[in-house]
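What follows is each chain in one-letter form.
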Amino acid sequence: MLAKRLSNRPSGKLNTEQFDDVPVLQRKWQAAVRPGEGLPRYEDVMLGSLGRLADHIVLLKGKNRLLEVSRSGRFVQQWLDDDRWDIPLSELSPDCATALGEAAANAIATGHPYLGLAHCVRDGIVRTYDVLALPTVSRWGGTLVGAYVNERHSQFNLLDAIFSTTEEGVLSLATIRDARGQPFDFQIVHHNHGASKLLRQPSAGLQWRA
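Calculation notes
Residues numbered from 1 in each chain as written. Predicted model: local features only at pLDDT ≥ 70, side-chain atom pairs only at ≥ 80, totals over all residues. Heavy atoms only, no water. Helix = DSSP H or I, 4+ residues; strand = E, 2+ residues; numbered from the N terminus. Buried < 20%, exposed > 50% of the residue type's maximum accessible area, 1.4 Å probe, protein only. Contact = heavy atoms within 4.5 Å. Salt bridge = Lys/Arg side-chain N within 4 Å of Asp/Glu carboxyl O. Core = buried A, V, L, I, M, F, W, Y, C linked by side-chain atoms within 4.5 Å. Expected span 1.5 Å × (residues − 1). Phe/Tyr/Trp six-rings, centres within 6.5 Å; stacked < 30°, edge-to-face > 60°.

Colleague: Quick question: what am I supposed to make of the overall build of the protein here?
Modeller: The secondary structure content of the protein amounts to eight helices and nine strands. Each of the 210 residues in the protein was classed as buried or not, and the buried ones make up 39%. For the protein, the share of sequence-separated contacts (at least 6 apart) that also reach a separation of at least 24 residues comes to 43%.

Colleague: Sorry, what's going on with the pattern of salt bridges here?
Modeller: Side chains carrying opposite charge are able to pair once their charged atoms draw close together. On inspection of all chains with the given rule, the structure shows 10 salt bridges. Between arginine 34 and aspartate 44 there is a salt bridge, with its nearest N and O atoms 3.1 Å apart. Of this pair, arginine 34 sits in the loop between helix H2 (22-32) and helix H3 (42-46) while aspartate 44 is found in helix H3, placing the two residues 10 residues apart along the sequence. The exposure class of arginine 34 is partly exposed, given its relative accessible area of 33%. A residue is classified by how much of its surface remains accessible, and aspartate 44, at 30% relative accessible area, is partly exposed. The residue glutamate 68 makes a salt bridge to lysine 61 at a minimum N-O spacing of 3.6 Å. Exposure remark for lysine 61: the relative accessible area of 28% places this residue in the partly exposed category. Several salt bridges share partner residues, and in doing so they unite Asp82, Arg84 and Glu91 into one network.

Colleague: Would you mind going over unusual backbone geometry with me for this structure?
Modeller: Despite not being glycine, aspartate 86 has its phi angle at roughly 55°, a positive value. Relative to the assigned elements, aspartate 86 resides in the loop between helix H4 (74-80) and strand S4 (87-88). Since its relative accessible area comes to 44%, aspartate 86 is described here as partly exposed. Positioned with a positive phi, arginine 200 is a non-glycine residue whose angle comes to about 55°. Note that arginine 200 resides in the loop between helix H7 (193-199) and helix H8 (203-206).

Colleague: Is there a simple way to think about the nonpolar core in this case?
Modeller: Core analysis: the biggest nonpolar cluster contains 26 residues, and Leu60, Trp79, Leu89, Leu92 and Leu100 have the highest contact counts within it. Counting only elements with at least two residues in this core, the list comes to strand S2 (57-63), strand S3 (66-72), H4, helix H5 (94-110), strand S5 (114-122), strand S6 (125-137) and strand S7 (143-157). Looking at which element gives the most residues to this core, the answer is H5, with seven residues. When sequence neighbours within four positions are dropped, the list of residues in contact with leucine 92 reads Val69, Leu80, Asp82, Ile87, Ala97 and Leu100. Counting residues in each nonpolar core, the second largest holds 16 residues, with Tyr42, Val45, Leu53 and Tyr148 among its members.

Colleague: What is the right way to read the environment of valine 33 from this model?
Modeller: Mapped onto the fold, valine 33 is located in the loop between H2 and H3. Taking the C-alpha atoms as reference points, valine 33 and valine 45, separated by 12 residues in sequence, lie 9.2 Å from one another. In contact with valine 33, not counting residues within four places along its chain, are Gly38 and Pro40.

Colleague: Which parts of the structure should I look at to understand H5?
Modeller: Every α-helical turn comprises 3.6 residues, leaving residues that sit three or four positions apart pointing alike. End to end, H5 covers 24 Å across 17 residues, agreeing with the expected 24 Å (1.5 Å per residue, within 8%). Listing the buried residues of H5 in full gives Cys96, Ala97, Ala99, Leu100, Gly101, Ala103, Ala104 and Ala107. Positive phi appears at glycine 111, one or two residues downstream of H5, with a value of about 75°.

Colleague: Could you clarify how one ought to interpret the environment of histidine 112 in this entry?
Modeller: Residue position: histidine 112 is located in the loop between H5 and S5. For histidine 112, a relative accessible area of 16% gives the class buried. Each C-alpha atom, one on histidine 112 and one on threonine 136, is 9.2 Å from the other, the two residues being 24 residues apart in sequence.

Colleague: I'm lost on the packing of aromatic side chains in this one. Help?
Modeller: Aromatic ring pairs: the centre-centre distance and the angle between the two ring planes describe each pair. Scanning the model with the defined rule gives one aromatic pair in all. With a centroid separation of 5.5 Å and 45° between ring planes, the pair formed by tryptophan 79 and tyrosine 129 is classed as tilted. With tryptophan 79 in helix H4 and tyrosine 129 in strand S6, this residue pair connects regions lying 50 residues apart in the sequence. Comparing tryptophan 79 with tyrosine 129 shows no difference in burial state: the two are buried.

The values are spatial; any link to function lies outside them.
Given below as structure tokens:
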């Protein structure tokens, strides 16, 4: 997992091109900081004008030094595969919980927005998500962190990555069954260059071969 602190000024070309919503939220957070106050108020950042971005926001609050999910938008619920509110962060899947916890902890520690990356495996596909944590102060005391989550377009198939990077021979086989449904052979449905080299067979000659 990679992460970096965002500066107070949203002036990076990389932010503008790769993280379309991040500069908007960063400016909103910065504009809400009042003179003499370290953090903006929750109401000034997270309420009223988020529009479609609200679907990508999960609100985290501290409870007994632990974080819990207070509210979450529809996109975040799909990412978490969990639509529950008011639950400890530890009840979420570890990949999501770790990314949210690290981003929130760094945002609270620095007192500034903090951008992290979450790498999650879904159905054999590695997906990358931006996680932007925005620390705010609550009118009731304590710190609330609004975390913005959105998927990047880049993704890769984990199985294909293993096939292509290893020098060992790897075959993916499908079972061939007889009329009674009993297996009697296997068919090569996928293989890597290492398998072709070790078996001394051209790639086209191995594919779909029993």
